[in-house]
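Examination of the molecular architecture
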Amino acid sequence: MQVRDALGRTIELAAPPQRIVALVPSMTEWLFSVGAGERVVGITDYCSEPAAAIAHLPRLRGTKNPDRIAILSLHPDLVIAEQEENRERDVLALAAAGVNVYVTAIRSVADAAAQLAALAEVLGVAMTAAPMIAEIQAAMANPPVPARRVLALIWRDPWMAVGQDTYANDLLRLSGGINVAAALPGRYPRAPLAELLALNPDTILLPSEPYPFSERDLPAFAEVTDRCQIAFCDGMALTWPGPRTAAAIASFRRLLGNAV
């Protein structure tokens, strides 16, 4: 059968894939959540969930430097990549070696629902994935009017924030947040902390990943604690589309004072 990925690339599959390499941590978790976990034969060094189920799987280095020789040695009939997470050169090299590579390009919560539903069809798990997709679609309905100004940081040294045209930005919008860093150029803008704080957020989110913010980072925000909420949050909830999405929207609505 012929299928198209999110980039419009055509892939020829003789049957639903049975040997899958996942080059995206969130996708690894999603595959297990929809009943395709037994088909996963390789993952990245950063794949962490579901921890017990993936403990035995071969690790294939990171999302930006996958071990292409090791991937080929596993004889996958499908490699799943994400445009944001993985490099085009690796996708092209694997495809040139005869491997089917399916690329997602998730930039919003609506993208997550649509693209995961499409991939579920490719894998033959549409029925299993349907309740999760329905939960995401329901969570998107009737969002609160964005009112609270939010700065979601993802790294320090250099300081980086969630910007425009990203899944996390859209999730914050659906949670009632106005992402102040979306006004800056780039999808994950870098700027001195003083410049980011000058955007006057009401809430600063410090997620647990990709940079593991903790209380040791609080002194950096001493000058704004009297006028700004500083909130630690689950980085996976903020940035991992899939089984976490619906609950993430509900939790961030509560955090931003928009609980239904």
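Everything below is about the structure shown above.
Residues numbered from 1 in each chain as written. Predicted model: local features only at pLDDT ≥ 70, side-chain atom pairs only at ≥ 80, totals over all residues. Heavy atoms only, no water.

Across all of its chains, the model carries four aromatic pairs by this definition. Between Trp159 and Phe221, the ring centres sit 5.7 Å apart and the planes meet at 80°, which makes this aromatic pair edge-to-face. Separated by 62 residues along the polypeptide, Trp159 in the loop between strand E7 (148–155) and strand E8 (160–161) and Phe221 in the loop between strand E10 (203–207) and strand E11 (229–233) bring together distant segments of the chain. Residue classification places Trp159 among the buried residues on the basis of a relative accessible area of 9%. Through successive ring pairs, a cluster of aromatic residues spans Trp155, Trp159, Tyr211, Phe213 and Phe221. (Phe/Tyr/Trp six-rings, centres within 6.5 Å; stacked < 30°, edge-to-face > 60°. Helix = DSSP H or I, 4+ residues; strand = E, 2+ residues; numbered from the N terminus. Buried < 20%, exposed > 50% of the residue type's maximum accessible area, 1.4 Å probe, protein only.)

In space, the four strands of this open sheet follow the order E4-E3-E5-E6, with parallel pairing throughout. With partners counted over all chains shown, the strands left at the sheet margins are strand E4 (40–42) and strand E6 (101–104), one partner each. Sheet twist, expressed as the mean angle between neighbouring strand axes with direction ignored, is 35°. Sitting on the sheet, helix H1 (residues 25–33) is in contact with strand E3 (20–22), E4, strand E5 (78–82) and E6, with an inclination near 140° to E3. Running at roughly 155° to E6, helix H4 (residues 88–96) makes contact with E5 and E6 of the sheet. (Pairing = 2+ DSSP bridges. Axes fitted to C-alpha atoms, helices over the stretch in contact; angles between N-to-C directions. Contact = heavy atoms within 4.5 Å.)

Moving on: the environment of Thr225. Note that Thr225 resides in the loop between E10 and E11. Note: C-alpha distance between Thr225 and Thr203 (22 residues apart in sequence) is 9.8 Å.

One pass over the full model with this rule turns up 11 salt bridges. Arg68 is paired through a salt bridge with Asp90; the nearest N and O atoms lie 2.5 Å apart. Of this pair, Arg68 sits in helix H3 (residues 68–73) while Asp90 sits in helix H4, and the two are 22 residues apart along the sequence. For Arg156, the salt bridge goes to Asp157, with nearest N and O atoms at 3.7 Å. When salt bridges that share partners are traced, they join Arg68, Arg87 and Asp90 into one network. (Salt bridge = Lys/Arg side-chain N within 4 Å of Asp/Glu carboxyl O.)

Here we take up unusual backbone geometry. Pro158 follows Asp157 through a cis peptide bond whose omega is 5°. For Pro158, the location among the structural elements is in the loop between E7 and E8. Omega for the bond connecting Glu209 with Pro210 falls within 30 degrees of zero, at 5°, which places this linkage in the cis form. By secondary structure assignment, the location of Pro210 is in the loop between E10 and E11. The phi torsion at His75 lies on the positive side, around 50°, for a residue other than glycine. By the element assignment, His75 lies in the loop between H3 and E5.

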